[in-house]
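# Coordinates in review
Single-letter residue listing:
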4 protein chains.
Amino acid sequence: MALAIMCSGGDAPGMNPAIKKFVDYTYKKGQDAYLIYDGLDGLIDNKIKKAAHKDVSGIVHFGGTIIRSSRSKRFYEYEYRKQAYENLKALNIKGLVVLGGDGTFRAMQKLSSEFDINFVGIPSTIDNDIYGTEYCLGVDTSLNVIRDALDKIRDTASSFNRAFLVEVMGRECGYLAIVSAIVSGAEICIIPEIEFQKDALERRLIQEIKEGRNYILAIISEGAKKTPEIHSWIEEKFGMETRVSILGHIQRGGSPSVYDRMMAFDFTIRAIDYLLEHNDSNKVVVYNSGKFDFMEIEEVVSKRYELPKHLIDAINYLD
Amino acid sequence: MALAIMCSGGDAPGMNPAIKKFVDYTYKKGQDAYLIYDGLDGLIDNKIKKAAHKDVSGIVHFGGTIIRSSRSKRFYEYEYRKQAYENLKALNIKGLVVLGGDGTFRAMQKLSSEFDINFVGIPSTIDNDIYGTEYCLGVDTSLNVIRDALDKIRDTASSFNRAFLVEVMGRECGYLAIVSAIVSGAEICIIPEIEFQKDALERRLIQEIKEGRNYILAIISEGAKKTPEIHSWIEEKFGMETRVSILGHIQRGGSPSVYDRMMAFDFTIRAIDYLLEHNDSNKVVVYNSGKFDFMEIEEVVSKRYELPKHLIDAINYLD
Amino acid sequence: MALAIMCSGGDAPGMNPAIKKFVDYTYKKGQDAYLIYDGLDGLIDNKIKKAAHKDVSGIVHFGGTIIRSSRSKRFYEYEYRKQAYENLKALNIKGLVVLGGDGTFRAMQKLSSEFDINFVGIPSTIDNDIYGTEYCLGVDTSLNVIRDALDKIRDTASSFNRAFLVEVMGRECGYLAIVSAIVSGAEICIIPEIEFQKDALERRLIQEIKEGRNYILAIISEGAKKTPEIHSWIEEKFGMETRVSILGHIQRGGSPSVYDRMMAFDFTIRAIDYLLEHNDSNKVVVYNSGKFDFMEIEEVVSKRYELPKHLIDAINYLD
Amino acid sequence: MALAIMCSGGDAPGMNPAIKKFVDYTYKKGQDAYLIYDGLDGLIDNKIKKAAHKDVSGIVHFGGTIIRSSRSKRFYEYEYRKQAYENLKALNIKGLVVLGGDGTFRAMQKLSSEFDINFVGIPSTIDNDIYGTEYCLGVDTSLNVIRDALDKIRDTASSFNRAFLVEVMGRECGYLAIVSAIVSGAEICIIPEIEFQKDALERRLIQEIKEGRNYILAIISEGAKKTPEIHSWIEEKFGMETRVSILGHIQRGGSPSVYDRMMAFDFTIRAIDYLLEHNDSNKVVVYNSGKFDFMEIEEVVSKRYELPKHLIDAINYLD
């Protein structure tokens, strides 16, 4: 029997350690290991290669993914999914480990509902916005990249009467913003999920400025789409020259942290074990309260991740 | 009522975020917050200062501890413990948050058994060797410092027919060594807890060298006291020029990671809440399976931390 | 006799090592050392403090400036300059070491033309845009911060059919952009000083995309004000999803590099020696072809820094 | 005509940028570019490969060298040197760019004295110990790796009454030690070149400890072979618990700094231009006072590098 691994959607730090472990552990279990290059598009175009140990030697400390990733419009069409299945069948690949997010999992669900193919998804996105799991692969590395940027801004912040806006990733989910704000002690944190309490914050900051505050650090989730508005608001209301950083894709890069490497190994081992022991896999490995479990893909993709209440409260404490 | 915070024993990254949160959260709860400088010696010598918010402003990203730490021989004598207690009583300090390890907790247990003083300990040591908790403050930051060093050695390793020995911290516990070996894919990992399987490893490595391996990475826990022995063994048996790095105290330094900052905040809030709600505190905050809890100090100090079986197994897999 | 040090304008990494050396070396020379806090505003408001060794202990590895900086509108008025002079005279301060850029040097020139005060300027700005010196303090650290960000983007770049625009600092000078483009192998570099050759570049990149190029990295100097225009252009012409990073003030932060620390020490020693040996100082320390020298402030502020031809050529090579 | 590039001896950060530039610039000049793998041994064994642009794509930010390096005993024998020459001749390779140190340059001198082959050496060693050039490729990156380690030790140093010994690389040359000591403000710096003034330093430090000093940082060059002796001396004389770090090969790793990338490009362009314009090359590119020049290999290898006097003086200032 053979198993394959694929990345799809945005890349996340930790994908390379997962790929490394996939190859080593699959062979250890006596099965053949295949790499699918270029995500769903590569699956359609048969960019599938039997893995050698040396393909994955020395990749653990690289960001990104050595097998690359993609988004595929063709995969919405039945004929291409059929072609993808035929490619897998020809190589006797019975199970897939898939690193990606919601969109990816939906695509896999479709494929496995139509054809005889099993898969286990590993939630992999720095946005941490997947229902059913407290943790998605890549988040810890991204948070530390943001932390490093905020530490650098702190160096320069207090030298001047100034405000700093830092826009971090998160299309629909404020996880990165909220945790970054907590660990850096930001004065303002704006996320897509909750209404920004402008008036209350204005009163508090004006009071603090009277008492000596000489800078403001604001973290804004890109999904909130409020960076220009907050920029103007701070300059008008508090009279502070305001500087903007948009961190962008540096948040996806960098050598995976120890936590993401360990999580990558643990997620992958569980995904492989599940595929080898079940013939009905249509699951996502989830991680909650320090334990791994499996959740039906239907449940994962049909519900919406909600930020834990204690994180929301921590932000309200900021306000 | 007043609370105080103290660091004792070796320092650990994350102490400063804990100190910051201690001051902010204690005042938020309507109590007075005190800082005890220079550990147990400072407690004896009355280096206790009422904290202002500005004392802890901008410290979250510093390694070490701004209130310093110490080991104290005097604290073994009753008269000095009495003096320590009198100092606290004079300031109306009813509870202590104490950051440290086993030795520190034993000292506090003695103090609180003799005098009317409550405390809650926060396990803080990069060795991760405290019974009853899966995690001690500082470990994640240390692991990432080691990872960064190993990534650098990887850069140069494969250029030559060479072996690299890296000695990491851990006096009685191989936690840092074992996790570092796993995430860096080291070929050899030697820890105090388990016998090193020299013969088996020799056979495996000789086979791998025949098949093309051109370098060896070995992680050695300082507590194993085997660095010179392994050094000679590799040079003799495998004929590889061998280079040694002893990382030493760089493993205690560096800006605390996001994980350690969040853990510092969470540990500290729980410690303060417990002190405010109980009058019999003689506890340590522990963290297991994603949840915080409290354990009697007697239990913590009377038993020995054991490495989780899955980590030991991972190393056997290496062998 | 006494000397003082002041930072003015934007901060630059390396200011703290310069301040440290200023205090140590001035006392070593048998003179008194003063710190002027908050730049020109602090000079007016008499925020001048005799330095102790412990004021500058352990600051060498901090970004920013512990004596802070400012821009001052009041300094344009004679009465405030007079007040500034009176403050210095009262403390018997005969000479100033001033860390800053063009604007700062103009302000000092005005002051020293009106009053009996000597100064030596140390060119300190990450923009590297000061006439007469090849190097300004802080540039090496900033370049390495940008490099680290670009390395992270490289990790993720080749996984997708994508373009990355990275906006770096430089209001009127493309130095940071041009060097960053060279050392990261960027495909596009846009700076204020030279016209962007859109058509030629378009032809070249379309050819390269045909031959397999699957990503584009573009570095844009903030002073070029072209980020939105290039963003649209790439998406339209090359059909690549395009992601923007605006690095902002992280470029001013971080622990000063070894090069900036050494330059800070060297600049400062020369500035102090000059002040002690001359009574007509109105100079800037400049660094060219590996040698330090002094240039009249009139010359420095009256001419415009031009990018070295070999750097411009390197960018044309990119085009 | 064709040119080839080779690394020999210890690796140095910056070799990969040099290799990248070698390939790009040689083809730009209309010549063929070859890569020699595994150093002198690879030259003997004909591990020579015509370079494609994609062989060197995306390598600029990697430490080490992708074409690897070696030391070769066989190269001391004429028959192997002849074989090396025959390999080059067969591929029409007229000139070599060689990255290495003294030993490497001697080997090349021998080869080019016997056969019709030209070469230009690029001084590449983190030890910075080559006569005739102020700078060797890799030094800036190594210094910043050491700086980062020392910054981490600083975090923890002042928390305790402790001494820290850090052993840095440099077999015969104290350059890394001396510059590291200067930029980190170490109290003790021990190098192979100058006698350590134990008594004078002892008096000074005892005085400082009386006045409040509570830690000591000592930098020791590995070539001085004094780490155990200084360890005992500090513990005995100053009664300070003393911790040792031996940084080892982490000093050779890490992403090349901006300075090393620029130097790699500049060294390589000059080496290629020289080879293309002369038919008698037996030179080393040297860098002094901000300018590149060429020196006869005889001169480079027959004299000994001496530390600049101003660096020695800076250490005496420490004593």
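Anything mentioned here points back to the structure above.
Residues numbered from 1 in each chain as written. Chains lettered and ligands numbered in written order. Predicted model: local features only at pLDDT ≥ 70, side-chain atom pairs only at ≥ 80, totals over all residues. Heavy atoms only, no water.

### Overview of the overall build of chain A
Assigned secondary structure in chain A consists of 11 helices and 11 strands. A compact globule built from 319 residues should have a C-alpha radius of gyration of about 20 Å, and chain A, at 22 Å, falls within 12% of that. Oriented by its inertia axes, the alpha-carbon framework of chain A measures out at about 70 × 35 × 35 Å. Counting all 319 residues of chain A, 64% fall into the buried class. Within chain A, residue pairs in contact and separated by at least 24 positions form 74% of the contacts whose partners lie at least 6 positions apart. Accessible surface computed for chain A: about 11,600 Å², of which carbon and sulfur atoms make up 46%. Where the 40 positive side-chain charges of chain A centre and where its 46 negative ones centre are 3 Å apart. (Helix = DSSP H or I, 4+ residues; strand = E, 2+ residues; numbered from the N terminus. Rg over C-alpha atoms; globule rule 2.2 N^0.38 Å. Buried < 20%, exposed > 50% of the residue type's maximum accessible area, 1.4 Å probe, protein only. Contact = heavy atoms within 4.5 Å. Areas by Shrake-Rupley, 256 points an atom, 1.4 Å probe, with all protein chains shown as cover. Lys, Arg positive; Asp, Glu negative; His and termini not counted. Charge placed at Lys NZ, Arg CZ, Asp CG, Glu CD.)

### Observations concerning the packing of aromatic side chains
Scanning the model with the defined rule gives 36 aromatic pairs over all chains in all. Ring geometry for Phe196(B) and Trp233(B): centres 5.5 Å apart, planes at 85°, overall edge-to-face. In this pair, Phe196(B) is assigned in the loop between β7 (188-190) and α7 (198-210) and Trp233(B) in helix α8 (residues 227-238), connecting sequence segments 37 residues apart. Ring geometry for Trp233(B) against Phe238(B): centres 5.2 Å apart, planes inclined by 80°, an arrangement best described as edge-to-face. Classification of Trp233(B) by relative accessible area gives buried; the value is 5%. Residue classification places Phe238(B) among the buried residues on the basis of a relative accessible area of 10%. Here the aromatic residues Tyr135(A), Tyr259(A), Tyr135(B) and Tyr259(B) are joined through ring pairs into a cluster of three or more. The aromatic ring of Tyr80(A) is capped on one face by Arg74(A), whose charged end is 5.1 Å from the ring centroid. Positioned above the aromatic ring of Tyr215(A) is the side chain of Arg213(A), whose terminal nitrogen or guanidinium carbon lies 5.9 Å from the ring centre. (Phe/Tyr/Trp six-rings, centres within 6.5 Å; stacked < 30°, edge-to-face > 60°. Lys NZ or Arg CZ within 6 Å of the ring centre and 35° of its normal.)

### Thoughts on the pattern of salt bridges
Should their charged atoms come close, side chains of opposite charge can pair. Using the criterion set out here, one finds 108 salt bridges over all chains in the structure. One salt bridge connects Lys50(B) with Asp32(B), and the closest N-O pair in it is separated by 3.5 Å. Of this pair, Lys50(B) sits in strand β3 (residues 48-50) while Asp32(B) sits in strand β2 (residues 32-36), placing them 18 residues apart in sequence. Since its relative accessible area comes to 29%, Asp32(B) is described here as partly exposed. Here Lys29(C) and Asp273(C) are joined by a salt bridge, their closest N and O atoms 3.9 Å apart. Of this pair, Lys29(C) sits in the loop between α1 (15-28) and β2 (32-36) while Asp273(C) sits in helix α9 (residues 258-277), and the two are 244 residues apart along the sequence. Sharing partners across several salt bridges, the network here consists of Glu187(A), Arg204(A), Glu208(A) and Arg213(A). (Salt bridge = Lys/Arg side-chain N within 4 Å of Asp/Glu carboxyl O.)

### So, empty space enclosed by the protein
Tallied over the entire structure, the rule returns 5 cavities of 30 Å³ or more. Residue lining of the largest cavity: Val145(B), Asp148(B), Ala149(B), Lys152(B), Ile250(B), Val145(D), Asp148(D), Ala149(D), Lys152(D) and Ile250(D), and that is the complete set. Of all elements in the fold, only α5 (139-157) of chain B together with α5 (139-157) of chain D reach the threshold of two or more residues within the lining of the largest cavity. (1 Å grid on protein atoms, 1.4 Å probe; cavity = no way out; pocket = protein on both sides within 12 Å on 5 of 7 lines; lining within 4 Å. Points joined across faces, edges and corners; volume = space filled by probe spheres on them.)

### Examining the relation of the copies chain C and chain A
By a simple turn and slide, chain C fits onto chain A: the slide is 0.0 Å along the axis, the RMSD is 0.0 Å, and the turn is 180°. These values place the two chain copies in the arrangement generated by a two-fold rotation axis. Closest approach to the rotation axis within chain C is made by the C-alpha atom of Ile246(C), at a distance of 2.4 Å. Interface residue correspondence from chain C to chain A reaches 100%, placing this contact among same-surface, isologous pairings. (Least-squares fit on C-alpha atoms with pLDDT ≥ 70 in both.)

### Structural notes on the interface of chain C and chain A
On the side of chain A, 32 residues touch chain C, which itself brings 32 residues to the contact. Between chain C and chain A, a total of about 2,500 Å² is buried, with carbon and sulfur atoms accounting for 56% of that surface. In this structure, the connection of chain C to chain A is made through 0 salt bridges. Seen at the junction of chain C and chain A, the total is 5 residue pairs in polar contact (both at pLDDT 80 or more). Secondary-structure elements contributing two or more residues to the side of chain C that touches chain A are α5 (139-157), β6 (162-168) and β9 (241-246) of chain C. Ranked by the residues each element gives to the side of chain C that touches chain A, the list is headed by α5(C), at 6 residues. Looking at side-chain class alone, the side of chain C that touches chain A contains 9 nonpolar, 15 polar and 8 charged residues. (Buried area = accessible area lost by both parts, 1.4 Å probe. Polar contact = N/O pair within 3.5 Å; in protein donor to acceptor, adjacent residues only side chain to side chain. Nonpolar A, V, L, I, M, F, W, Y, C, P; charged D, E, K, R; others polar.)

### Some remarks on the interface of chain D and chain B
Between chain D and chain B, the contact holds 33 residues from the first and 32 residues from the second. Both sides of the chain D and chain B interface together cover about 2,500 Å² of buried area, and 56% of this is carbon and sulfur. For the pair chain D and chain B, the number of links is 0 salt bridges. Along the contact surface separating chain D from chain B lie 5 residue pairs in polar contact (both at pLDDT 80 or more). Those elements that place two or more of their residues in the side of chain D that touches chain B are α5, β6 (162-168) and β9 (241-246) of chain D. Ranked by residues supplied to the side of chain D that touches chain B, first place goes to α5(D) with 6 residues. Of the residues assigned to the side of chain D that touches chain B, the class counts are 9 nonpolar, 16 polar and 8 charged.

### Section: the packing of α5(D) against helix α6 (residues 175-184) of chain D
All names here are of chain D. Interhelical geometry of α5 versus α6 gives an angle of 45° and a closest axis separation of 10 Å. In terms of orientation, α5 and α6 fall into the oblique class. α5 and α6 meet at a crossing whose hand is right-handed. From α5, Val139, Ser142, Leu143, Ile146, Leu150 and Arg154 reach across to α6, where they touch Tyr175, Leu176, Val179, Ser180 and Ser184. Looking at the contact of α5 with α6, its residues break down into 7 nonpolar, 3 polar and 1 charged. (Axes fitted to C-alpha atoms, helices over the stretch in contact; angles between N-to-C directions. Parallel < 35°, antiparallel > 145°, perpendicular 65-115°, else oblique. Left-handed = near helix turned anticlockwise from the far one by under 90°.)

### A look at the nonpolar core
Counting 411 residues, the largest nonpolar core has Leu96(A), Leu96(B), Leu96(C) and Leu96(D) as the members making the most contacts within it. Dropping the residues within four chain positions of it, Leu96(A) is found in contact with Ala4(A), Ile36(A), Leu88(A), Met108(A), Ile117(A), Asn118(A), Phe119(A), Val120(A) and Leu275(A). (Core = buried A, V, L, I, M, F, W, Y, C linked by side-chain atoms within 4.5 Å.)

### Some points on the environment of Phe238(C)
All names here are of chain C. Looking at the element boundaries, phenylalanine 238 is found in helix α8 (residues 227-238). Expressed as a C-alpha distance, the spacing of phenylalanine 238 and serine 184, which sit 54 residues apart in the sequence, is 21 Å. Contact partners of phenylalanine 238, with chain neighbours within four places excluded, come to Glu202, Leu205, Ile206, Ile209, Ile216 and Trp233.

### Section: the sheet that holds strand β10 (residues 282-288) of chain D
Within a sheet, neighbouring strands are paired by backbone hydrogen bonds and run either parallel or antiparallel to one another. All names here are of chain D. Here 7 strands make up an open sheet; going across it, the order is β3-β2-β1-β4-β5-β10-β11 and the pairing mixed. Both outer strands of the open sheet, β3 (48-50) and β11 (291-296), are each paired with one neighbouring strand and no more. Averaged over all pairs of adjacent strands, the angle between strand axes in this sheet comes to 25°, irrespective of strand direction. Strand direction decides the pairing type here: strand β1 (residues 2-7) and strand β4 (residues 93-100), joined by 6 bridges, are parallel. Note that in β4 the partner of leucine 3 across the bridge is glycine 95. Its contacts with the sheet place helix α1 (residues 15-28) against β1, β2 (32-36), β3 and β4, and it is angled at close to 155° to β2. (Pairing = 2+ DSSP bridges.)

### Looking at helix α6 (residues 175-184) of chain C
Summarising burial for α6(C): 10 of the 10 residues are buried, a large majority. For α6(C), the set of buried residues is Tyr175(C), Leu176(C), Ala177(C), Ile178(C), Val179(C), Ser180(C), Ala181(C), Ile182(C), Val183(C) and Ser184(C).

### Points about the pairing of strand β11 (residues 291-296) of chain B
All names here are of chain B. Bridge analysis of strand β10 (residues 282-288) against β11 gives 6 bridges, and the strand direction is antiparallel. Across the sheet, the residue bridging to valine 285 is phenylalanine 294, located in β11. Counted along the chain from β10 to the antiparallel partner β11, the turn is 2 residues long, and its residue serine 289 has a positive phi close to 50°.

### Here we look at the sheet that holds β10(B)
Residues and elements named next belong to chain B. Taken together, the 7 strands give an open sheet; going across it, the order is β3-β2-β1-β4-β5-β10-β11, and neighbouring strands pair in mixed fashion. Of all the strands in the sheet, the pair left with one neighbour each is β3 and β11. Averaged over all pairs of adjacent strands, the angle between their axes in this sheet comes to 25°, without regard to strand direction. Seen against the sheet, helix α4 (residues 102-114) touches β1 (2-7), β4 (93-100), β5 (118-123) and β10 and runs at an angle of roughly 175° to β5.

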